[in-house]
Amino acid sequence: GKGEYDHFMLKEIHEQPTSLAQAIEGRIDTRNDRIALSDFEPGTFDDVESVQFVACGTSYHAALYGSLGLNQAGVRSTALLANEYSVSAPPVDDDTLVIAVTQSGETADTLNALRQATAEGARTLTVTNVVGSTAAREADDALFIRAGPEIGVAATKTFSSQAVMLTLLCQRIAADRQGEPPADLESLLPAVESMPSALDEVLDSSDAAAIARQYDDSQSYFFIGRGLGFPVALEGALKFKEITYEHAEGFASGELKHGPLALVTPDTPVFAIFTGQEDEKTLKNAEEAQTRGAPVVAVCPDEHAAVAVADEHLAIPDTNAKLAGLLANVQLQLVSYHAADLLDRPIDKPRNLAKSVTVE
Ligand code: F6R
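Reading the values: rules and limits
- Residues numbered from 1 in each chain as written.
- Predicted model: local features only at pLDDT ≥ 70, side-chain atom pairs only at ≥ 80, totals over all residues.
- Heavy atoms only, no water.
- UniProt positions renumbered as here; feature names shortened; annotations may be inferred.
- Helix = DSSP H or I, 4+ residues; strand = E, 2+ residues; numbered from the N terminus.
- Rg over C-alpha atoms; globule rule 2.2 N^0.38 Å.
- Contact = heavy atoms within 4.5 Å.
- Lys, Arg positive; Asp, Glu negative; His and termini not counted.
- Charge placed at Lys NZ, Arg CZ, Asp CG, Glu CD.
- Phe/Tyr/Trp six-rings, centres within 6.5 Å; stacked < 30°, edge-to-face > 60°.
- Buried < 20%, exposed > 50% of the residue type's maximum accessible area, 1.4 Å probe, protein only.
- Near = heavy atom within 4 Å.
- Polar contact = N/O pair within 3.5 Å; in protein donor to acceptor, adjacent residues only side chain to side chain.
- Areas by Shrake-Rupley, 256 points an atom, 1.4 Å probe, with all protein chains shown as cover.
- Nonpolar A, V, L, I, M, F, W, Y, C, P; charged D, E, K, R; others polar.
- Pairing = 2+ DSSP bridges.
- Right-handed = clockwise from strand over helix to strand, strands pointing away.
- Salt bridge = Lys/Arg side-chain N within 4 Å of Asp/Glu carboxyl O.
- Axes fitted to C-alpha atoms, helices over the stretch in contact; angles between N-to-C directions.
- Parallel < 35°, antiparallel > 145°, perpendicular 65-115°, else oblique.

Within an unreviewed UniProt entry, the label attached to the chain reads Glutamine--fructose-6-phosphate aminotransferase [isomerizing], and the organism entered is Haloarchaeobius amylolyticus. We quote the UniProt Subunit (unreviewed entry) comment for the chain here in full: "Homodimer."

Dropping the structure here:
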């Protein structure tokens, strides 16, 4: 049941320190810095030339998070919407690893892409929450995120676990492929181990309810981020529209000036996500929106330069740049939750949506 919580979504948001601890349990070997993920034998990914991620919805945002991280670690990769794969998949061969990211393991679009990749000779792997799911049975390999059942239609804890497990997986792929661990692996692994306590900190002291109230009569909600903050901006907007039924959009922060700025007014709060990847540029983009009257909510650590500029601040603990966006995402989950609660929406079962989309 929901226990002390009004909704499963809020319960599942608060489960994240535990579900993430479960995900990483026994999988990180800090003594042997070649091994960022003990599920796979050393050398498993030696001959992977490039990686294609396929996924839908929130899982696509986790896939994009993984793909950007893999590119930053020096391995060619791309994140593709599974429902577009049949019309526009880039060519694959047996050095291509196709990773299907799917919480349920039953999403028809994602299974179709997985099957197409298999038929074309790619090697496949799935990152999923459900042992025994179709994706787990059909892919060559599976990495389970161990998040436990998620009842709320809006994915929360499973996104966080997917993104962290993909971050570890991508470090492993890069290490195997390049014959040596990526440069910052030594600092990343302890930061991953501290994630459960960092998540606790966010959940214990979040101002998200007050921020949701402050902007509850806005016309539209924008989310911007750069680098690993970009998939978090997309996810922040998806969650917001899904459960509040209000208009929300996520952008790469540098894209605002290429069109979306035309929509910016005092009625369009901009949530700016700072992850430590070219933050000065994101701050400049946020200020461009602020100049047009938009209130800016900075999601960043207390000591960050954005705090002095922004109208409001949602605090996250200082951490590795590969993980900061995931702490920011939890603040945004809470903003969406409280905004939907103020509007009295059926948070766990938004209209027109199903937990598992088994049709094309
Ligand atoms: C949004 C959400 C959906 C799913 C998508 C893929 O909160 O839950 O966007 O992420 O339908 O589902 P899975 O991950 O089961 O393939």
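Caption draft 1: Up close: the overall build of the chain. A count of helical and extended segments in the chain gives 14 helices and 10 strands. Over its C-alpha trace the chain gives a radius of gyration of 19 Å, about what one expects of a compact globule, namely 21 Å for 360 residues. For the chain, the proportion of contacts with a sequence separation of at least 24, taken over those separated by at least 6, is 75%. The distance from the centre of the 26 positive side-chain charges to the centre of the 54 negative ones in the chain is 3 Å.

Caption draft 2: Molecular detail of the packing of aromatic side chains. The final tally for this structure, using the stated rule, is 5 aromatic pairs. On the basis of an interplanar angle of 50° and a centroid distance of 6.1 Å, the ring pair of F223 and F240 is categorised as tilted. Here F223 is found in strand β6 (residues 221-225), whereas its partner F240 is found in helix α11 (residues 229-244), with 17 residues between them in sequence. Assessed through its relative accessible area of 0%, F223 is described here as buried.

Caption draft 3: View of the site of the ligand. Neighbouring the ligand are 13 residues, the closest being S59, T102, Q103, S104 and T107. Take V153: an N or O atom from its main chain is 3.4 Å from an oxygen atom of the ligand. The fraction of the free accessible surface of the ligand (410 Å²) that becomes covered by protein chains is 90%. Taken together, the elements giving at least two residues each to the shell around the ligand come down to α3 (57-72) and α11. With 3 residues, α3 is the largest single contributor of residues to the shell around the ligand. In the shell around the ligand, the residues fall into 4 nonpolar, 7 polar and 2 charged.

Caption draft 4: How the structure looks around the pairing of strand β8 (residues 270-273). Neither face of β8 is exposed, since V270 and A272 on one face and F271 and I273 on the opposite face are all buried. With 4 bridges connecting them, β6 and β8 associate as parallel partners. Bridging across to β8, F223 finds its partner in F271. In this structure, β8 lies alongside strand β9 (residues 296-300), joined through 4 bridges in parallel fashion. Considered in β9, the bridge of V270 is made with V296. On the question of chirality, the crossover connecting β8 to the parallel β9 by way of helix α12 (residues 279-291) is right-handed.

Caption draft 5: Local environment of the pattern of salt bridges. Tallied over the entire structure, the rule returns 15 salt bridges. In this structure, the salt-bridge partner of R123 is D47, at a minimum N-O distance of 3.8 Å. Of this pair, R123 sits in strand β4 (residues 123-128) while D47 sits in the loop between α2 (16-24) and β1 (50-55); the two residues are 76 residues apart in sequence, bridging distant segments of the chain. Residues participating in the shared-partner salt-bridge network are K11, E15 and K157.

Caption draft 6: Examining the packing of helix α7 (residues 157-178) against helix α14 (residues 324-342) more closely. Viewed as axis vectors pointing N to C, α7 and α14 meet at an angle of 170°, and their least axial separation amounts to 11 Å. Relative to α14, α7 is oriented roughly antiparallel. Between α7 and α14, the residues in contact are F159, S160, A163 and V164 and L326, N329, V330 and Q333, respectively. When the residues that make up the contact of α7 with α14 are grouped by side-chain class, the tally is 5 nonpolar, 3 polar and no charged.

Caption draft 7: Structural view of the environment of A252. Along the polypeptide, A252 turns up in strand β7 (residues 248-252). Apart from residues lying up to four places away in sequence, A252 is in contact with G225 and F230.

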